[in-house]
Amino acid sequence: MEEMSVDKPEKGAYTKVAMGKNNSNRPWKSRNQSQKSLKQRVSGTSGLGTDWKKKSQERMKLKIIKEREKEMKEQKKAEIMAMKEARLEKEKRKAENEFKNTTFQKLSNPNKIKTMSKKQLRNIKKLQINPKTGVKELVSPWTGKK
């Protein structure tokens, strides 16, 4: 019986593989590449291949996009400010209407407070001007003191 000899590469010898193939012959496994070669292949903008017109067009496109973004942000900010002003105006009107509909009884003798029960003390209100809206409102006399 004749023996067939298979040529095996020597130990430590480098086997060259074509650029498109992996050593393992498994196409779903990606080939390891250096970062520099990856960047050059992916970006394709080495500076030599692009001409001045393309670069200036790209810059103009970016400039237009940034201006549009800025306009949109300003528009959103204006909408928020308008909503805030409308809310404050609504609060002011509500407080004014509430104030118009209430009836008052002035405490002529402040010593009466000492003899009042807790329930009666809860009903006592103090007249105060709201610093945000500038409207008169009724506030509890015991809150806000430090």
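Before reading further, recall that the structure is shown in the block above.
Residues numbered from 1 in each chain as written. Predicted model: local features only at pLDDT ≥ 70, side-chain atom pairs only at ≥ 80, totals over all residues. Heavy atoms only, no water.

Participant: Can you help me understand the side chain of asparagine 130 in this one?
Facilitator: Here asparagine 130 is to be found in the loop between strand S1 (126-129) and strand S2 (136-139). Under the relative-accessibility criterion, asparagine 130 is labelled buried at 19%. At 3.0 Å, the side chain of asparagine 130 forms a polar contact with the backbone nitrogen of lysine 132. (Helix = DSSP H or I, 4+ residues; strand = E, 2+ residues; numbered from the N terminus. Buried < 20%, exposed > 50% of the residue type's maximum accessible area, 1.4 Å probe, protein only. Polar contact = N/O pair within 3.5 Å; in protein donor to acceptor, adjacent residues only side chain to side chain.)

Participant: What is the right way to read the pattern of salt bridges from this model?
Facilitator: For side chains of opposite charge, pairing can occur when their charged atoms come near one another. Inspection of the entire model under this criterion finds 2 salt bridges. Between arginine 87 and glutamate 91 there is a salt bridge; the shortest N-O distance is 3.7 Å. Of this pair, arginine 87 and glutamate 91 both sit in helix H2 (residues 52-101), 4 residues apart, roughly one helical turn. For glutamate 91, a relative accessible area of 40% corresponds to the partly exposed category. (Salt bridge = Lys/Arg side-chain N within 4 Å of Asp/Glu carboxyl O.)

Participant: So what exactly am I meant to see when it comes to the pairing of S1 here?
Facilitator: A regular strand carries its side chains on alternate faces of the sheet. Relative to S2, S1 runs antiparallel, the two being bridged by 4 bridges. Pairing of lysine 126 across the sheet is with valine 139, part of S2. In this antiparallel pair of consecutive strands, S1 and S2, the connection spans 6 residues, and glycine 134 shows a positive phi of 75°. (Pairing = 2+ DSSP bridges.)

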